[in-house]
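So the chains spell out like this:
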Amino acid sequence: HCSPRSPRAHPAVIMPGRRVVRKVNNKKKAKKDPLFPARPRNFTIGNAVQHKRDLGRFVKWPRYVRVQRQRKILQTRLKVPPALNQFKAALDRNQA
C-alpha cells in the first residue's frame, strides 16, 4: 500500500538520472456525442465544485504516529553502529 507522499504513488514522476517508460494504450476512443459537448469546468466562485483533495498531510496525527514516522526518518539519516543495529530486526519463529 503506497502512501500519497511516496514516489511510487506517481509513476510518471521523473527523477534525475532515471528513465520512465510510459505504456501507450491503443484503445479506440468512443465517438463524441454531439448532444453532450465536453466543456472545460470553471472553478471560480459560484461555479463548478472542486474535487475532494487528500488532506491527510495537514491532519494533527496522534503522538505515536508522529514519533514512529520521525524515528524512521532519523534512523535512515543517522549512522547506527552495528552493535546497536543488530536489535532493529526481530527474529521470526523459524530463526528463534
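Everything numeric here is computed off the predicted structure, so don't read it as measured data.

S.K.: Is there a simple way to think about the overall build of the chain in this case?
M.R.: Scanning the chain for helices and strands turns up 2 helices and 0 strands. Across the 96 residues in the chain, those meeting the buried criterion constitute 2%. Counting only carbon and sulfur atoms, one obtains 56% of the accessible surface of the chain, whose full area is about 11100 Å².

S.K.: Even after reading the chapter, I still don't get a nonpolar patch on the surface, so can you show me in this structure?
M.R.: The grouping of Leu-74, Leu-78, Val-80 and Leu-84 at the surface amounts to a nonpolar patch, some 360 Å² of accessible area in total. Checked against the element boundaries, Val-80 lands in the loop between helix H1 (63–77) and helix H2 (82–85).

S.K.: Even after reading the chapter, I still don't get the packing of aromatic side chains, so can you show me in this structure?
M.R.: Two numbers describe a pair of aromatic rings. These are the distance of the centres and the angle of the planes. Counting across every chain of the model gives 0 aromatic pairs. The ring of Trp-61 has Arg-69 sitting right over it, with the charged end atom 4.4 Å from the ring centre.

What counts, and at which threshold
- Throughout, residues of each chain are indexed from 1 in the direction in which the sequence is written.
- Since the coordinates come from a predicted model, pLDDT governs what is reported: local features require at least 70, and pairs of side-chain atoms require 80 or more to be given and counted, while whole-chain, interface and lining totals use all residues.
- Remark: hydrogens and water are excluded; side-chain values derive from all non-hydrogen atoms of the structure.
- Each helix is a run of DSSP H or I of at least 4 residues and each strand a run of E of at least 2, with the numbering of both proceeding from the N terminus.
- Buried means the residue's accessible area, taken with a 1.4 Å probe over protein chains only, is under 20% of the maximum for its type, while exposed means over 50%, and partly exposed covers the values in between.
- In these tables, accessible area is a Shrake-Rupley quantity obtained with a 1.4 Å probe, and a residue counts as shielded only by the protein chains included in the view.
- Surface patches are defined over residues having more than 30% relative accessible area and no salt bridge, joining like charges when they lie within 9 Å and nonpolar side chains (Val, Leu, Ile, Met, Phe, Trp, Tyr) when within 5 Å.
- One speaks of a salt bridge when a side-chain nitrogen belonging to Lys or Arg is within 4 Å of a carboxyl oxygen belonging to Asp or Glu.
- Any two of the Phe, Tyr and Trp rings considered here, Trp counted by its six-membered ring, make a pair once their centres fall within 6.5 Å; the pair's planes then place it as stacked at under 30 degrees, edge-to-face at over 60, or tilted in between.
- Only lysine NZ and arginine CZ atoms are considered, and such an atom sits over a ring when it is within 6 Å of the ring centre and within 35 degrees of the ring normal.

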